[in-house]
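Each chain is listed here by its residues.
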Amino acid sequence: MKVVNLKQAILQAWKERWSDYQWAINMKKFFPKGATWDILNLAEALLEQAMIGPSPNPLILSYLKYAISSQFDDFSRDLCVQALLDIMDMFCDRLSCHGKAEECIGLCRALLSALHWLLRCTAASAERLREGLEAGTPAAGEKQLAMCLLRLEKTLSSTKNRALLHIAKLEEASSWTAIEHSLLKLGEILASLSNPQLRSQAEQCGTLIRSIPTMLAVHSEQLHKTGYPTVHAVVLLEGTMNLTGETQPLVEQLMMVKRMQHIPTPLFVLEIWKACFVGLIESPEGTEELKWTAFTFLKIPQVLVKLKKYCHGDKDFTEDVSCAFEFLLKLTPLLDKADQRCNCDCTKFLLQECSKQGLLSEASVTNLLAKRAADREHAPQLKSGENANIQPNPGLILRAEPTVTNILKTMDADHSKSPEGLLGVLGHMLSGKSLDLLLAAAAATGKLKSFARKFINLNEFTTHGNEELAKAASVRALLFDISFLMLCHVAQTYGSEVILSESSTGAQVPFFETWMQTCMPEEGKILNPDHPCFWPDSTKVESLVALLNNSSEMKLVQMKWHEACLSISAAILEILNAWENGVLAFESIQKITDNIKGKVCSLAVCAVAWLVAHVRMLGLDEREKSLQMIRQLAGPLYSENTLQFYNERVVIMSSILEHMCADVLQQTATQIKFPSTGVDTMPYWNLLPPKRPIKEVLTDIFAKVLEKGWVDSRSIHIFDTLLHMGGVYWFCNNLIKELLKETRKEHTLRAVELLYSIFCLDMQQVTLVLLGHILPGLLTDSSKWHSLMDPPGTALAKLAVWCALSSYSSHKGQASSRQKKRHREDIEDYVSLFPLDDMQPSKLMRLLSSNEEDANILSSPTDRSMSSSLSASQLHTVNMRDPLNRVLANLFLLISSILGSRTAGPHTQFVQWFMEECVDCLEQGSRGSILQFMPFTTVSELVKVSAMSSPKVVLAITDLSLSLGRQVAAKAIAAL
């Protein structure tokens, strides 16, 4: 609007009302006492401002606020109200401010005050209309109400205005409470009116006002998709490699994926169930199958119970779970295959377990059971294939869970009072697959660490052999042996960290923990056969050698088994030397090895543990006798003169020895026949093809996964092996190269979903590499900018944001057990890579053409003191010695520098995609999110980018919990 037109419009607006009067003299007839000169001042201000700029200056709004707050509550004065409404009409949908940050905040507050007055005016007009209807004179009230609603609608229909009101609400919480009260009052009055048009208009305005506090929380869900490979892979990875992990980190990770990909809850729950059934179907027979069964039927229902708190109300979530099952029942081939594999109706067990946890109503369970039963009627092969003699694993696992609790109680009793009774319980646990069932149930319900601790205490109790009879000695020997074997089996199946106790100063470390940490071979652990732990008191070694060589059988009374286990390595070395020098014949060696494994199998385990370490140090021509001794110890002793439960103990011993020897046998190209149990005890061992470069294996397996569209358990193990062998940088860099080769949009999106789930193998370290090394390298090297073009560039931006958000949300928690196992290579010292001293440029920032001179982007005293690198994280005093925090801070400095530079290209487009994805993934308010590391000055640079110049984007990327953050946001929005 031109200046002259605006001036004329204002003059006309006033003159039409007071054409018969000298309006400057007679204003008091129309305005209440106290308000007259405020309105006149406002008119003068309007005229003055009209002379200054091409559009109404936002300060006018503060004058209006002043006028309407000057005791002007007499809404019966139509001309006064109309005058104020007309003034509002001039600027309410085109507010702008290019002044100081404080003035922009003042604009927000003035707009909030004007909104409050307008609501009260609307309520008063509605009340007059109601009274007029009752008196039969509705016309005046109806006209004024329509005028008020029109201004409300006009003010609130602007996203920019709602964003300014959002900031004002955070600035003045009490004023917002007053607005909510006015809105309630207006709703009560309008409910009694019969005019549907006015009511509808008012309801729309109310909805817009109520949406202001949550205007950033609304995300559209992906209703066009039915498959979510990221959820599928995260669940598969957890079930395959981390059964012992706590449920909370998994819940948070799943919720992060749900938020980032905007997945509707029913489809989200469906994807979890689909992954569980696929895991059940493809799991190798034996321990892995039992672990998957426990994960599906015990752990996942607990995960869903926690997810319920994150999603929404109980009733809604129950309906969503029911809806997910409805979808699941349509996947008949998947359910049929799972039923066939598990020899039962899996859906029935699952529904019953969900019902127990309060995830489904009884009516839903009955309905779903009936539907699945009807489907199974059409599949006769299911019933004919079910073997009545084989108990299904789901039923066994569900029964094992309370048994675990009972065993834990039994183990709490005083072992010295009834050792025979305890031995009976442990013997029963060893039969068949009872032990693996109980361990799987304990792992899935978070009781495995407690379970292991009880057995460590039992093992420690049996190390002391005082005056005792032969029977008591044999019971003690068996309790030591069974507890030792069980603990080895737990460590190999679920990871040694399950065994380790919390480090407490001064406490004596139990024997088994000491032995496991220093003597037990594990994948990736190199043992030193000359370690002092293998060389105890020489007199004890000599007596043990004599005992093994001379006695027809081992003496049990007063035997200290832990000392024998520690002495066996040195004894074996003496026996080996004697054999190699011809002092002992092979028959003597057979007798010695029979003695070692004849009573307690744990002696054989300790002997082989040392032999494995010893063989690694020998040349090819020196290994034969050591490997032959391992063969002798691996087989069972065929004798009647063995202790109780010998066959059951030998089965566990063989499994332990096979795991221990796997590495060394592969390296020496040796084969040893371990007693077969009919089940592959190491199903995911030795997956990589021989004589093939690992980079080829990586690209090949990723191509297959991408083509298939989902990650299976075997692929997860191959990726984990490659990550372990190549290191984090090699692994991440090569997979990112594969992503950047993709040119089809649908393939790049699928690749992002799959790569994110693959990176979950070690998300923390991968994120450090990706954000701290790979992205800066791509963004600062102009020869690589072409690789950042769409679609691979968009996909990489999405992947980087997903990894950053996941790592930042979880890096304060504990690393998962699968991540603890991996050796950490220090890629580079992040503290020296990104120094704390701002005066000393970091290695990364020396690569940048930093735009430091533009520090006066904001013009208030507060603003002028703002460094171009000042961010919310510094005001929140975030620990910048944390590697992830440093990497994020420097990445956002790089982004700020790119936005402020004069060189445009694919790298600037990439930065825009990165920021858009941040906005898309974040929940309302960015305190505690990765965007707190973004310098405040980046906001003004971002709004210059057309795709980012929206009020919602500004609100999303600014930390509104800080006063400075609100000023920055208000200034950026007011200038739009």
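Just so you know, the residues in each chain are numbered from 1, in the order the chain's sequence is written. Local features in this predicted model are restricted to residues whose pLDDT is 70 or higher, and side-chain atom pairs enter the listing and the counts only when it is 80 or higher, whereas totals over whole chains, interfaces and linings include all residues. Side-chain measures here rest on the full set of heavy atoms in the structure, leaving out hydrogens and waters.

- The protein has the name Mediator of RNA polymerase II transcription subunit 24 in an unreviewed UniProt entry, where Canis lupus familiaris is given as its organism.
- UniProt positions are given in the numbering used here, feature names are shortened, and annotations may be inferred rather than shown by experiment. Here is the UniProt Subcellular location (unreviewed entry) comment for the protein, exactly as written: "Nucleus".
- Of the protein, the UniProt comment under Sequence similarities (unreviewed entry) reads exactly: "Belongs to the Mediator complex subunit 24 family."

1. A look at the overall build of the protein
Here is step 1 of the chain: Broken down by element type, the protein carries 46 helices and 0 strands.
Here is step 2 of the chain: Considering only residue pairs separated by 6 or more positions, the protein has 79% of its internal contacts joining residues 24 or more positions apart.
Here is step 3 of the chain: Reported accessibility uses the Shrake-Rupley method at a 1.4 Å probe radius. Residues are deemed covered only where the shown protein chains occlude them. Working note: accessible area of the protein is about 41400 Å², and carbon and sulfur atoms make up 52% of it. Only DSSP runs of H or I reaching four residues or more are called helices, and only runs of E reaching two or more are called strands; each is numbered from the N terminus. Residues are treated as being in contact if the distance between any of their heavy atoms lies within 4.5 Å.

2. Some thoughts on the nonpolar core
Generally speaking, nonpolar side chains in soluble globular proteins are found buried as a group.
Here is step 1 of the chain: As used in this record, nonpolar core signifies buried Ala, Val, Leu, Ile, Met, Phe, Trp, Tyr and Cys residues forming a set joined through side-chain atoms within 4.5 Å. Burial classes follow relative accessibility: with a 1.4 Å probe on protein chains only, a residue under 20% of its type's maximum area counts as buried, one over 50% as exposed, and anything between as partly exposed. In this structure, Trp515, Phe759 and Met915 are the most contacted members of the largest nonpolar core, which totals 308 residues.
Here is step 2 of the chain: Once you skip the residues sitting within four places of it in the chain, Phe759 turns out to touch Phe731, Cys732, Leu735, Ile736, Val766, Leu799 and Cys803.

3. A word on the side chain of Thr347
Here is step 1 of the chain: Mapped onto the elements of the fold, Thr347 is located in helix H17 (residues 346-356).
Here is step 2 of the chain: In this structure Thr347 touches Phe277, Leu329, Leu335, Asp339 and Arg372, once residues within four positions along its chain are discounted.

4. A look at helix H29 (residues 601-616)
Here is step 1 of the chain: For a helix, the expected span equals 1.5 Å multiplied by the number of residues minus one. Its 16 residues place the ends of H29 23 Å apart at the C-alpha level, agreeing with the 22 Å of an ideal helix rising 1.5 Å per residue.
Here is step 2 of the chain: A large share of H29 lies buried, amounting to 15 of its 16 residues.

5. Notes on the pattern of salt bridges
Here is step 1 of the chain: Salt bridges are identified by distance alone: a Lys or Arg side-chain nitrogen within 4 Å of an Asp or Glu carboxyl oxygen. Taken as a whole and assessed by the stated rule, the structure comprises 23 salt bridges.
Here is step 2 of the chain: One salt bridge connects Glu171 with Arg109, and the closest N-O pair in it is separated by 2.7 Å. Of this pair, Glu171 sits in helix H8 (residues 159-171) while Arg109 sits in helix H6 (residues 101-135), and the two are 62 residues apart along the sequence.
Here is step 3 of the chain: A residue is classified by how much of its surface remains accessible, and Arg109, at 30% relative accessible area, is partly exposed.
Here is step 4 of the chain: For Lys454, the salt bridge goes to Asp412, with nearest N and O atoms at 2.5 Å. Of this pair, Lys454 sits in helix H23 (residues 448-461) while Asp412 sits in the loop between helix H20 (393-411) and helix H21 (419-430), and the two are 42 residues apart along the sequence.
Here is step 5 of the chain: Its relative accessible area of 17% is what places Lys454 among the buried residues.
Here is step 6 of the chain: For Asp412, a relative accessible area of 53% translates into the label exposed.

6. Details of the packing of aromatic side chains
Here is step 1 of the chain: In this scheme Phe, Tyr and Trp rings, the latter by its six-membered ring, pair at centre separations within 6.5 Å, and the angle between planes marks the pair as stacked below 30 degrees, edge-to-face above 60, and tilted otherwise. Counted according to the given criterion, the structure contains 15 aromatic pairs.
Here is step 2 of the chain: Relative to Phe295, the ring of Trp292 lies with its centre 5.1 Å away and its plane at 85°, an arrangement referred to as edge-to-face. Note that Trp292 and Phe295 are positioned in helix H14 (residues 287-311) at a spacing of 3 residues, about one turn of the helix. Taken as a pair, Trp292 and Phe295 share a single burial class, namely buried.
Here is step 3 of the chain: Aromatic side chains Phe484 and Phe511 sit 6.3 Å apart centroid to centroid with 25° between the ring planes, which places their arrangement in the stacked category.

7. So, unusual backbone geometry
Here is step 1 of the chain: The amide bond that connects Asp790 to the next residue, Pro791, takes the cis arrangement and shows omega of 10°.
Here is step 2 of the chain: By secondary structure assignment, the location of Pro791 is in the loop between helix H36 (763-780) and helix H37 (792-810).
Here is step 3 of the chain: Its identity is not glycine, yet Phe645 carries a phi of approximately 60°, on the positive side.
Here is step 4 of the chain: Within the element layout of this structure, Phe645 appears in the loop between helix H30 (624-634) and helix H31 (646-667).

8. Some remarks on H20
One turn of the α-helix equals 3.6 residues, which is why residues spaced by three or four share an orientation.
Here is step 1 of the chain: Here H20 contains 19 residues, and its C-alpha end-to-end distance of 25 Å stays within 8% of the 27 Å for a straight helix at 1.5 Å per residue.
Here is step 2 of the chain: Maximal helix bending in H20 amounts to about 30°, located at Glu401; proline Pro402 follows within four positions.
Here is step 3 of the chain: Inspection of H20 places Asn393, Pro394, Gly395, Leu396, Ile397, Leu398, Ala400, Val404, Ile407, Leu408 and Met411 among the buried residues, and these make up the whole buried set.
Here is step 4 of the chain: Elements that come into contact with the buried residues of H20 comprise H14, helix H16 (332-342), H17, H21, helix H22 (434-444) and H23. Consider a residue and the seven residues that end there alongside the seven that start there; fitting an axis to each set, the bend is the angle between those axes.

9. Points about the packing of helix H26 (residues 538-550) against helix H28 (residues 586-598)
Axes are the key here: two packed helices are described by the angle between their axes and the distance separating the axes.
Here is step 1 of the chain: At their nearest, the axes of H26 and H28 sit 8 Å apart, and the two run at 110° to each other. One element, H26, and the other, H28, form an angle in the roughly perpendicular class. Contacts from Leu547, Leu548, Asn549 and Asn550 in H26 reach Lys591, Ile592, Asn595 and Ile596 in H28.
Here is step 2 of the chain: In this count, Pro and Cys sit with the nonpolar residues alongside Ala, Val, Leu, Ile, Met, Phe, Trp and Tyr, while Asp, Glu, Lys and Arg are called charged and the others, Gly among them, polar. For the contact of H26 with H28, the class distribution of residues is 4 nonpolar, 3 polar and 1 charged. Think of each axis as a best-fit line through the C-alpha atoms, taken over the contacting stretch in the case of a helix, with angles from 0 to 180 degrees between the N-to-C directions. Comment on the angle field: the value is read as roughly parallel under 35 degrees, roughly antiparallel over 145, roughly perpendicular from 65 to 115, and oblique elsewhere.

10. Focus on the packing of H16 against helix H18 (residues 362-377)
Here is step 1 of the chain: Put simply, H16 and H18 touch, their axes get as near as 11 Å, and they point 80° apart. On the basis of their axis angle, the class for H16 and H18 is roughly perpendicular. Of the residues in H18, those in contact with Thr332, Leu335, Asp336 and Asp339 of H16 are Arg372, Asp375 and Arg376.
Here is step 2 of the chain: Within the contact of H16 with H18, the residues separate by chemical class into 1 nonpolar, 1 polar and 5 charged.

11. A look at the environment of Val490
Here is step 1 of the chain: Mapped onto the elements, Val490 comes out in helix H24 (residues 470-494).
Here is step 2 of the chain: The sequence separation of Val490 and Ala443 amounts to 47 residues, and the corresponding C-alpha distance is 9.9 Å.
Here is step 3 of the chain: If we skip the residues at most four places from it in the chain, Val490 touches Leu439, Leu448, Gly495, Val498 and Ile499.

12. Considerations on the state of the cysteines
Here is step 1 of the chain: Any two cysteine sulfur atoms within 2.5 Å of one another count as a disulfide. All told, the structure shown has 0 disulfides when counted by the stated rule.
Here is step 2 of the chain: No disulfide involves Cys346; its nearest neighbouring cysteine sulfur is the one of Cys342, lying 3.7 Å away.

13. Description of the environment of Thr743
Here is step 1 of the chain: Within the element layout of this structure, Thr743 appears in the loop between helix H34 (728-741) and helix H35 (745-759).
Here is step 2 of the chain: Between the C-alpha atom of Thr743 and that of Pro792, which follows or precedes it by 49 residues, the distance is 6.5 Å.

14. Section: the confidence of the model for the protein
Here is step 1 of the chain: For every residue, the pLDDT score states the predictor's confidence, bounded by 0 at the bottom and 100 at the top. Confidence in the prediction for the protein averages 78 pLDDT; 77% of positions are at 70 or higher.
Here is step 2 of the chain: Note on residues 1-11: pLDDT under 50 across the span, and 14 contacts to partners over four residues away in sequence or across chains.
Here is step 3 of the chain: Contacts of residues 813-828 to residues separated by more than four positions or lying in other chains number 34 contacts, the stretch itself having pLDDT below 50.

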